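A structural walkthrough
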Amino acid sequence: MQDKTHLVDDITGHRRMRRNRKADWTRRLVQENRLTVDDLIWPIFLIPGDGIVEPVDAMPGVNRMTVDKAVEAAKEAADLGVPAIATFPNIEMHLRDETGSNSLVRNNLINLATAAIKNAVPNIGIITDVALDPFTSHGHDGILREGEIVNDETVEQVAKAAVMQADAGADIIAPSEMMDGRIGAIRRALDAAGHQGVGIMSYATKFSSAFYGPYREAISTGGLLKGDKKTYYIDPANGTEAIRDAALDVEEGADMLMVKPGLPYIDICWRMKEAFGLPTFAYQVSGEYSMIKAAGANGWIDEERVMLETLLAFKRAGCDGILTYFAPAVARLLSKRG
Ligand code: PBG
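These notes cover the structure that comes with them. Keep in mind it's a predicted model, so treat the numbers as computed, not measured.

**Brief notes about the overall build of the protein chain**
A tally of helices and strands in the protein chain yields 12 helices and 12 strands. In terms of overall size, the protein chain behaves like a compact globule, its C-alpha atoms giving a radius of gyration of 22 Å where 338 residues would be expected to give roughly 20 Å. Dimensions of the protein chain, computed from C-alpha atoms along their principal axes, come out at roughly 85 × 40 × 40 Å. Per-residue burial for the protein chain yields a buried fraction of 54% across its 338 residues. For the protein chain, long-range pairs separated by at least 24 residues make up 74% of all intrachain contacts whose partners lie at least 6 apart in sequence. Accessible area for the protein chain stands at about 15800 Å²; split by element, carbon and sulfur atoms hold 52% of it.

Have a look at this one:
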């Protein structure tokens, strides 16, 4: 009878993966990826008014805030070391129309928030989405004409809105509406207005996803949306098309790229980072967040560990950072651990 150790050694040729896993110190020593507070971008929701913080039912732990409260939140995030926030406005229904004209009002909710945060918390980055969906009466990201989301007219408006956002103090413009040619148009418009230093984080690969549900509750577009966004967002079946779309954004001058949603599209994160080498971000979207919160609240998963594991997965997949509603919770946790 052969000795059992010899049997295994015959198979492994003395290579044993478990040697490096045997103790906490070896595991720490060989760890390849690490999640830090520097990887986090915190998306927040804005509402008009003063002194109000109200919960978003479909996103436990996430609130909508008036500008004064958003300033406090931004201060807290900066104190925790979170590098940047991303803002999304929930504007009054009577201000929403077919073309999203409120996006071109200089002192609209998103621009007021940017100016206030920039003034009070100058050391946090402000990333503003420039899609039209918070401003339209139909919940689409662009201008609706005779049943069609018109591309070029939307791009023109989005570029103008981007300049106003930059005027208000936005550091990075993040267009999420997936119109063709938008990155180049925004770059030209920003440069013409003297905003050479304002960056563009392209929602380069934004998929037509069911994971956005809770977000649409948060900015009250869910009930408004007629039809779907399949004529401008990418089909979840298409990876190569997504890379082609991102390539155009790179050519047009994007400074950073984003994949959205995150975890279901983690293959795209990897492919995009490999293909372009640009700073690459994943947006762990509302549905991903709410699923983790719901399962955690039911005791079906360990919420904290799943939160950290999903965020670490993005790092392993080549992402430089993650937009996540968990940002303050993660920052607090990481600072406790030192
Ligand atoms: C639309 C937009 C969406 C999100 C942010 N901006 C998607 C949509 O409603 O189609 C989703 C964010 C999330 O789900 O967390 N421009």
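Moving on, there is more to tell.
**Digging into the packing of aromatic side chains**
Aromatic rings considered in pairs are described by the distance between their centres and by the relative angle of their planes. Applying the stated criterion across every chain yields a total of 12 aromatic pairs. Aromatic pair Phe-88 and Tyr-283: ring centres 6.4 Å apart, planes at 45°, arrangement tilted. In this pair, Phe-88 is assigned in strand β4 (residues 84-89) and Tyr-283 in strand β11 (residues 280-284), connecting sequence segments 195 residues apart. When sorted by exposure, Phe-88 lands in the same class as Tyr-283, which is buried. With 6.1 Å between their ring centres and 90° between their planes, Tyr-212 and Tyr-233 make a pair best called edge-to-face. One end of the pair, Tyr-212, is in the loop between β9 (199-206) and α7 (213-218); the other, Tyr-233, is in the loop between α7 and α8 (239-252), and 21 residues separate them in sequence. Under the relative-accessibility criterion, Tyr-212 is labelled buried at 4%. With a relative accessible area of 6%, Tyr-233 lands in the buried category. Taken together, Phe-45, Phe-88, Tyr-203, Tyr-215, Tyr-283, Tyr-289, Tyr-325 and Phe-326 form an aromatic cluster joined through their ring pairs. Cation over ring: Lys-260 sits above Tyr-212, and NZ or CZ is 5.2 Å from the ring centre.

**Points about helix α12 (residues 327-337)**
For an α-helix the count is 3.6 residues per turn, leaving residues at separations of three or four pointing the same way. Within α12, the full set of buried residues consists of Ala-327, Pro-328, Val-330, Ala-331, Leu-333 and Leu-334. Lining the buried residues of α12 we find β1 (40-46), α3 (67-80), α11 (303-316) and β12 (321-324).

**Topic: the site of the ligand**
Taken together, 17 residues surround the ligand, and among them Ser-176, Arg-216, Lys-260, Ser-286 and Tyr-325 come closest. Side-chain polar atom of Asp-133 to a nitrogen atom of the ligand: 2.8 Å apart, as the coordinates give it. With the chains in place, 100% of the 400 Å² that the ligand exposes on its own is no longer accessible.

Reading the values: rules and limits
- Residues numbered from 1 in each chain as written.
- Predicted model: local features only at pLDDT ≥ 70, side-chain atom pairs only at ≥ 80, totals over all residues.
- Heavy atoms only, no water.
- Helix = DSSP H or I, 4+ residues; strand = E, 2+ residues; numbered from the N terminus.
- Rg over C-alpha atoms; globule rule 2.2 N^0.38 Å.
- Buried < 20%, exposed > 50% of the residue type's maximum accessible area, 1.4 Å probe, protein only.
- Contact = heavy atoms within 4.5 Å.
- Areas by Shrake-Rupley, 256 points an atom, 1.4 Å probe, with all protein chains shown as cover.
- Phe/Tyr/Trp six-rings, centres within 6.5 Å; stacked < 30°, edge-to-face > 60°.
- Lys NZ or Arg CZ within 6 Å of the ring centre and 35° of its normal.
- Near = heavy atom within 4 Å.
- Polar contact = N/O pair within 3.5 Å; in protein donor to acceptor, adjacent residues only side chain to side chain.

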